[in-house]
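A look at the structure
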Amino acid sequence: MTPLTLTMQAFGPFASTEAIDFTALGRSPLFLINGPTGAGKSSILDAMCFALYGQTTGNERDAGQMRCDQAPVTLLTEVTLTFRLRDATYRVRRVPQQERPKTSGEGTTTQAAEAQLWRVTPKGEEDECLVARKVTDANVKLQQLLGLDARQFRQVMVLPQGKFRELLLAGSKEREEIFAQLFQTEIFQRIEQRLLDQAKQIVREVNDHRQRVQGILSASDVESEAALQEALAALDPDHHAAKQALAAATEQREQAVAAAQAGTALARQFEQHAALVKAKATLLEQQPAIQHAQAQLYRHEQTQALATPFYALQSAEENAAAAESECQAAQQAIAPRQAAHQQAQATLEEANAQHERVPALQRQAYEWEQSLATCQELATLEGQRATLAQQVAQALETLEQTQQEANRQEQHAIEQEMRWHQGQAALLAQRLDSGQPCPVCGSREHPAPATPSQALVTQAEMKQARNAYEHARQAWVSAQQHAQGLEQQSHHLDERCQRLREQLGDSVSLESVNASLAAVNREIDTCERTWKTAQAQAQTAHTALTQAQTTLTEATQRQTEAQHTLGTARTEWQAALQASPFRDEAAFTAARLEASEQQRLSESVVRFQRELAKLEGQLEASEPLLEGKTPPDVAALETHAEAAKSHEAACRQTYQRLAARVDQLTSTQQRLAEARRAEAALEAQYQLWGTLSEVANGRTGHRISLQRFVLGVLLDDVLIQASERLVRMSRGRYQLVRREDPSKGNKASGLELDVADTYTGKNRPVATLSGGESFMAALSLALGLSDVVQAYAGGIQLDTLFIDEGFGSLDQDALDQAITMLSELQMSGRTIGIISHVSELKEQMPVRIEVSASRHGSSVAVKGALG
């Protein structure tokens, strides 16, 4: 992470808006943040840490307490940081919770904390918005980008005042967390956890199998596998005997049930035969009624030979009666239609007389339409007169303006021409030489040569003035022609309006013409509708009368034909009746049956015959089956069968009880064998996975886990780089080394630090170093860590380092060594900022950020920056 710009507003000691452009310090600069105590040097680091994490560097002040007391109440406290991370640029803005004036009304309101995060284009413009407002979302996103939380950021990139020894004095557990983040060794931790989870899973499965074995034995009500074998041996004789007894009982039950079923079937046959005999006797009781129905059906069949003449006579009688009724109705319908026809003819004659007036009315309507067209034309021309009058007035006004413009342009052209001539004389006078003849007059003496009285006019300007006059004159002429044309149109329009008014007369108006035309048109419409209606009614009445006359003629003819047909039918019927077995028409009528009655009698006869034949057939089939047999004792047979079933059920219950116990013990024996095999396989797996888990998780030997072992190797690389710098700053006395002895008890170890003192030849804890020595060791460790992280090219880049104080505890030689090392690190592409008030640093570091304090708040200024 490399800071590019930082803007602080009403933050810490800064009452107004202060901006720091780190790019102005140069590429990968080594610079000093200088200023008096309390001016706000550390507040710059607070602002950067607050922008990234919402916390201050020391985490000793709440973000809401960072507001400047001298800031105006209307100025919101906020921090904006633009930074570069790998190949991308980001901008974060944070606003802490604070009180601010209400936008309307009096008093204050609480401004909620908010944060925004953008991706920034190469031109510095905000592009994609990654976080719109929510503080927690910004915290998560920034920690994902940077790869460090706030505490780790303070320990490896921003060493705040009084905190630079934390990384040096951190224990193995805390240093493991920091190094794991920096070097991204989570995969080794995941391996440890995966091995541990696998081993625990195997242990759980082994315990589950052992519990399962005990549960299997308990479910079978045996204490051990030996007791299981003894129980199976004891059950075998009883199980075999019960199986044989069940087979014998089943055979006895089958024989008894078969005998009972045969007796029941024979008894049912005797019952069915008795029922058939009874049913036949009951059916024969209906035989007299059936014989009577057969006689009725026979007599009805005899009537069918007379059906044709009988039905012909009935039809002829019905037709004759209908024809007579129709003729009477036709005679009654003639009279009213004759009266309607006479009335329609009278109405038509009256309508014809009225309709003869229509041509005269149409001529009147035409005359009024002509008058209406004249009125409409006059009204249109009157409207045009008003518009044309306005156009004439406007054309006259334009004519006057163009005339004035033409006069002005003419006067200007004349003046320009005169000035051009005067200018030509002055130019000629300038070229006169004493004693030389004048090219105009030839005189060799020039007592009064012309002099220019004002600015000379060129020939182009004179031509331009003439052209302008010509254009103005043409516009004047066009305006004259346009005005004259409009005046002529107005005169012609006045004459046409006068002629139309004379044609109409003074008493005629548009409203009166419309009213008269409408009245004439209404009268014409009335005559036309009345005439057409009378014609239609006369035609309808004539058609109705003609139809009634035709209907009467046809009805009379049909009546005559029906009477003749009726006489013929009566003669044929009497002849057929005399030749039939019936003595008269009454006997014939009595013998006839309705269709429904005929169907009912026929169905009853057929049903009787069918039932009788069915019963006789069933009796013929049943008698041979019962010949020589007597009815069985069904109750005794069923009692014997039930006893055999009960005996079989008792034998089956005994056998099933013994068989279930044998199956249970056999199944238990099989499941126990399977469980033992699975348990042995799991124990074999644990020999591998359990051993790997104990080694990887640091539960053997020096209790160093796999990840801590890898981090220990990485720490050795860091200590090599750190010791190289510490040796230089401590004049060859100190080196940083990793403690080899394991910690006491079960405490995790492997990443503890000691300092090797060449003066004593012994290693001692880093906590025993003095203040200045601790600062040198912490600085060396931070720089060495930065080198190794960069060399391993991990996902985290430590390309920025801020150091807050600590240089005051160094003597001049150590201070020079520290500055030299920082300069070397800066040359490798790092940005390094030092916060200090040590005067020697100010002399050695010309590029710096000056922090000044005043009664109205602090301010910042960049010194020695690039131009």
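Located above this text is the structure these notes cover.
So, here's what we can say about the structure.

**Here we look at the side chain of Gln-111**
You can see Gln-111 is positioned in strand β7 (residues 108-111). For Gln-111, the side chain forms a polar contact with the side chain of Arg-100, separated by 2.9 Å. Setting aside anything within four residues of it in sequence, one finds Gln-111 in contact with Leu-76, Val-95, Pro-96, Gln-97, Gln-98 and Arg-100.

**Here's the deal with the packing of aromatic side chains**
In total, this model carries 10 aromatic pairs according to the counting rule given. On the basis of an interplanar angle of 50 degrees and a centroid distance of 6.0 Å, the ring pair of Phe-22 and Phe-31 is categorised as tilted. One exposure class covers both Phe-22 and Phe-31, and it is buried. With centroids separated by 5.9 Å and ring planes inclined at 80 degrees, the aromatic side chains of Phe-582 and Phe-588 adopt a geometry described as edge-to-face. Relative accessible area serves as the criterion here: at 10%, Phe-582 is assigned to the buried category. Classification of Phe-588 by relative accessible area gives buried; the value is 1%. Members of the aromatic cluster, each reached through a chain of ring pairs, are Phe-310, Tyr-311, Trp-573, Phe-582 and Phe-588.

**Considerations on the sheet that holds strand β12 (residues 753-757)**
Taken in spatial order, the 3 strands make up an open sheet running β11-β12-β13, and their pairing is antiparallel. Each edge of the sheet is formed by a strand with only one pairing partner; in this case those strands are β11 (734-738) and β13 (762-765). Averaged over all neighbouring strand pairs, the angle between strand axes comes to 40 degrees, with direction disregarded. Of the pairings in the sheet, the one linking β11 to β12 comprises 5 bridges and is antiparallel in character. Residue pairing for β12: Gln-735 is matched across the bridge by Ala-756.

**Thoughts on the side chain of Thr-800**
Within the fold, Thr-800 resides in strand β14 (residues 800-804). Judged by relative accessible area, which is 4%, Thr-800 ranks as buried.

**Things to note about the pattern of salt bridges**
Throughout the structure, instances matching the rule amount to 22 salt bridges. For Arg-253, the salt bridge is made with Glu-648, and the minimal N-O distance between the two is 2.7 Å. A residue pair is termed long-range when its members are at least 10 positions apart, and Arg-253 in helix α7 (residues 225-284) and Glu-648 in helix α15 (residues 634-696) qualify at 395 residues. With a relative accessible area of 22%, Arg-253 lands in the partly exposed category. Judged by its relative accessible area of 7%, Glu-648 falls in the buried class. The closest approach of N and O atoms between Glu-648 and Arg-652, which form a salt bridge, is 3.0 Å. Of this pair, Glu-648 and Arg-652 both sit in helix α15, 4 residues apart, roughly one helical turn. Assessed through its relative accessible area of 35%, Arg-652 is described here as partly exposed. One network of salt bridges, with partners in common, ties together Glu-78, Arg-93, Glu-114 and Arg-133.

**Things to note about a negative patch on the surface**
Together, Glu-317, Glu-318, Asp-584 and Glu-585 give the surface a local cluster of negative charge. Relative to the assigned elements, Glu-585 resides in helix α13 (residues 585-591). For Glu-585, a relative accessible area of 37% puts it in the partly exposed group.

**With respect to helix α11 (residues 459-504)**
Because each turn of an α-helix spans 3.6 residues, side chains separated by three or four positions in sequence point in the same direction. If you check α11, its first and last C-alpha atoms are 68 Å apart, about what 46 residues at 1.5 Å a residue would give, namely 68 Å. Along α11, the residues that are buried comprise Met-462, Ala-465, Ala-472, Ala-479, Ala-483, Leu-486, Leu-493, Cys-497, Leu-500 and Leu-504. With its phi angle positive at about 90 degrees, Gly-505 sits one or two positions after the end of α11.

**Looking at the nonpolar core**
Membership of the largest hydrophobic core comes to 46 residues, with the highest contact counts inside it found for Met-1, Leu-6, Phe-22, Ile-44, Leu-52, Phe-83 and Ile-849. In terms of residue count, helix α1 (residues 41-53) provides more of this core than any other element does, 9 residues in total. Beyond its immediate chain neighbours, meaning those up to four positions away, Leu-6 contacts Glu-18, Ala-19, Ile-20, Phe-22, Ile-44, Ala-47, Met-48, Val-79, Thr-80 and Leu-81. One finds Ile-178, Leu-714, Leu-751 and Leu-822 within the second-largest nonpolar core, a separate group that totals 42 residues.

**Side note on the pairing of strand β9 (residues 126-131)**
As defined by bridge partners, strand β8 (residues 114-120) adjoins β9 across 3 bridges and the pair is classed as antiparallel. When the sheet's bridge partners are listed, Val-120 is paired in β9 with Glu-126. Linkage of β8 to β9, two consecutive antiparallel strands, is achieved through a turn of 5 residues, within which Gly-124 is found at a positive phi near 85 degrees.

**A look at unusual backbone geometry**
Of note in this structure, Arg-86 is not a glycine but carries a positive phi near 55 degrees. Counting through the fold element by element, Arg-86 comes out in the loop between β4 (78-85) and β5 (88-95). With a phi angle near 55 degrees, Arg-731 is a residue other than glycine that sits in the positive phi range. Looking at where Arg-731 falls in the secondary structure, it is placed in the loop between α16 (706-729) and β11.

**Examining the sheet that holds β8**
Sheet architecture is open: 6 strands sit in the order β2-β1-β4-β5-β8-β9, paired in antiparallel fashion. In the strand order of this sheet, the two ends are held by β2 (14-21) and β9, each with one partner. Across the sheet, the axes of successive neighbouring strands diverge by a mean angle of 15 degrees, strand direction being ignored. Bridge count between strand β1 (residues 2-11) and β4: 7 bridges; the pairing is antiparallel. Residue Met-8 lies in a different strand from β4, and its bridge partner there is Val-79. Of the strands in this sheet, β1, β2, β4 and β5 touch α1, which is tilted by about 100 degrees from β1.

About the thresholds
Residues numbered from 1 in each chain as written. Predicted model: local features only at pLDDT ≥ 70, side-chain atom pairs only at ≥ 80, totals over all residues. Heavy atoms only, no water. Helix = DSSP H or I, 4+ residues; strand = E, 2+ residues; numbered from the N terminus. Polar contact = N/O pair within 3.5 Å; in protein donor to acceptor, adjacent residues only side chain to side chain. Contact = heavy atoms within 4.5 Å. Phe/Tyr/Trp six-rings, centres within 6.5 Å; stacked < 30°, edge-to-face > 60°. Buried < 20%, exposed > 50% of the residue type's maximum accessible area, 1.4 Å probe, protein only. Pairing = 2+ DSSP bridges. Axes fitted to C-alpha atoms, helices over the stretch in contact; angles between N-to-C directions. Salt bridge = Lys/Arg side-chain N within 4 Å of Asp/Glu carboxyl O. Patch = residues over 30% accessible without salt bridge, like charges linked within 9 Å, V, L, I, M, F, W, Y side chains within 5 Å. Areas by Shrake-Rupley, 256 points an atom, 1.4 Å probe, with all protein chains shown as cover. Lys, Arg positive; Asp, Glu negative; His and termini not counted. Charge placed at Lys NZ, Arg CZ, Asp CG, Glu CD. Expected span 1.5 Å × (residues − 1). Core = buried A, V, L, I, M, F, W, Y, C linked by side-chain atoms within 4.5 Å.

Structural measurements only, silent on function.
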